[in-house]
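Read off the chains here:
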Amino acid sequence: MSDDDDVREGFRTVSKVPPPGALSRARAWLLEAAPDALGAFDSWTSLACICDSGWLAPLQRPVHPHSPHLPHSPHSAMARVARRRLRVLASRPLGYAAFTALRAGDGPVHLRGRCASLPGHGASPIWRTEERDDAADGRLLIEEAHDFVLSIDGGDVYVLSKGGHLASAATLHAGDEVSVFGFADEIPDRWGLAPALHGRGGLLPAVRSGSELPLLLTRVVR
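## With respect to helix α1 (residues 22-33)
Then, number 1: With twelve residues, α1 ought to run about 16 Å at 1.5 Å a step, and its terminal C-alpha atoms sit 16 Å apart, in line with that.
Then, number 2: Along α1, the positions that sit buried rather than exposed are Ala22, Ala26, Trp29, Leu30 and Ala33. Taken around the axis of α1, the buried residues stretch over an arc of 95°, which confines them to a single face.

## Describing the environment of Asp189
Then, number 1: Positionally, Asp189 belongs in the loop between β9 (177-188) and β10 (203-208).
Then, number 2: For Asp189, a relative accessible area of 1% gives the class buried.
Then, number 3: From its side chain, Asp189 meets the backbone nitrogen of Trp191 in a polar contact 3.2 Å long.

## Some words on the pattern of salt bridges
Then, number 1: Evaluated as defined, the whole model comprises ten salt bridges.
Then, number 2: For Glu130, the salt bridge goes to Arg128, with nearest N and O atoms at 3.2 Å.
Then, number 3: Overall, Glu130 belongs to the partly exposed group, its relative accessible area being 26%.
Then, number 4: Arg128 sits in the partly exposed class, given a relative accessible area of 28%.
Then, number 5: Among the ionic pairs, Asp176 bridges to Arg219, the shortest N-O distance being 3.0 Å. Highlighted residues: Asp176 in the loop between β8 (165-166) and β9 and Arg219 in strand β11 (residues 216-219), separated in sequence by 43 residues.
Then, number 6: Asp176 sits in the buried class, given a relative accessible area of 18%.
Then, number 7: Of the residues examined, Arg219 reaches a relative accessible area of 25% and is grouped as partly exposed.
Then, number 8: Through salt bridges with shared partners, a single network forms among Arg128, Glu130, Arg132 and Glu144.

## So, the packing of aromatic side chains
Then, number 1: For the coordinates displayed, the defined rule picks out two aromatic pairs.
Then, number 2: A ring pair is formed by Tyr158 and Trp191, whose centres lie 4.8 Å apart and whose planes are at 20°; its orientation type is stacked. With Tyr158 in strand β7 (residues 155-159) and Trp191 in the loop between β9 and β10, this pair connects stretches of sequence that are 33 residues apart. Across the pair, Trp191 and Tyr158 agree in class, each one buried.

## Structural notes on the confidence of the model for the protein
Then, number 1: Of the residues in the protein, 83% reach a pLDDT of 70 or more, and the chain-wide mean stands at 81.
Then, number 2: The least confident element of the protein is strand β1 (residues 2-7), whose mean pLDDT is 42; the most confident is strand β3 (residues 109-117), at 96.
Then, number 3: Note that pLDDT drops below 50 for residues 1-7; the model gives that stretch 17 contacts with residues more than four away or on any other chain.
Then, number 4: When the criterion is pLDDT under 50, residues 62-72 qualifies, and its contacts beyond four places in sequence or with other chains add up to 16 contacts.

## Overview of the environment of Ser117
Then, number 1: Assignment of secondary structure puts Ser117 in strand β3.
Then, number 2: Once residues lying within four places of it in the same chain are set aside, the contact partners of Ser117 are Gly122, Ser124, Ile126, His146 and Ala174.

## A closer look at the environment of Ala184
Then, number 1: Note on placement: Ala184 falls in strand β9.
Then, number 2: Owing to a relative accessible area of 4%, Ala184 belongs among the buried residues under this scheme.
Then, number 3: Sequence separation between Ala184 and Gly105 is 79 residues; the distance between their C-alpha atoms is 5.4 Å.
Then, number 4: For Ala184, the contacting residues outside a window of four places in its chain are Phe99, Leu102, Arg103, Ala104, Gly105, Asp106, Ala206 and Arg208.

Parameters at a glance
- Every chain is numbered independently, its residues counted from 1 as its sequence is written.
- The predicted nature of this model means local features are confined to residues of pLDDT at least 70 and side-chain atom pairs, given and counted, to a pLDDT of 80 or more, with totals for whole chains, interfaces and linings taken over all residues.
- Computation of side-chain values covers all heavy atoms of the structure but excludes hydrogens and water.
- Strands are runs of DSSP state E lasting at least two residues, helices are runs of H or I lasting at least four, and both sets are numbered from the N terminus onward.
- Helix span, expected: 1.5 Å multiplied by one less than the number of residues in the helix.
- Residue burial is assigned from relative accessible area. The probe radius is 1.4 Å, only protein chains are included, and a residue is buried under 20% of its type maximum, exposed over 50%, and partly exposed in between.
- The arc under discussion is defined with respect to the helix axis, by the directions toward the C-beta atoms.
- Polar contact is the term for a pair of N or O atoms within 3.5 Å; when the atoms are in protein, one must be able to donate a hydrogen and the other to accept it, and sequence-neighboring residues count only if both atoms are side-chain atoms.
- Basic side-chain nitrogens of Lys or Arg form a salt bridge, by our definition, when they fall within 4 Å of a carboxyl oxygen of Asp or Glu.
- For Phe, Tyr and Trp, where Trp contributes only its six-membered ring, two rings pair if their centres lie within 6.5 Å, and the inter-plane angle classes them as stacked under 30 degrees, edge-to-face over 60, or tilted in between.
- Per-residue confidence from the predictor is given as pLDDT, running between 0 and 100.
- Contacts: residue pairs with any heavy atoms within 4.5 Å of one another.

Here it is in structure tokens:
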């Protein structure tokens, strides 16, 4: 089951929680393929949002029956693809100058900064997840978010939330520090957020989901 309803400058999705054992398998795959990426997740349950995504998909594909390697073997071709994708989760965050030097579509990259709500959103949560039982569909994962501004060293980046996932059970509010993993982009600045040199109507650096890898957010807890 999957439902995706557009909301203003954001989204809402409803999907099934991974079945029993899926999180354990994801944990084992992550430990074997990219152990350095473990620090990006505040708990193993936060892996639920990416179990069926491109971040872990290469480790879930079946291999040829005569292959000497399991799908999650560190020597398999699929594991090598997964390691390349997951390596960014353990990378150092880019600064503003380095990020804005990228071309649209470059990534995935790691940004870190503090969240700021867009004008008009007030004190409403930026991103929240909730699990709920449904008589017909079982345990559901509900994720609701709106676009926001990520203030990093040197400037602001617009975060296009649609299609993304928050790997945390804790609600995300303005002022919280997060790591964002996604792809570089630019969007028209309808809010006047760009530096004064560009002004309203210029282009604002942005980060978004890719064609295979969804935007991923993790909370920074110090």
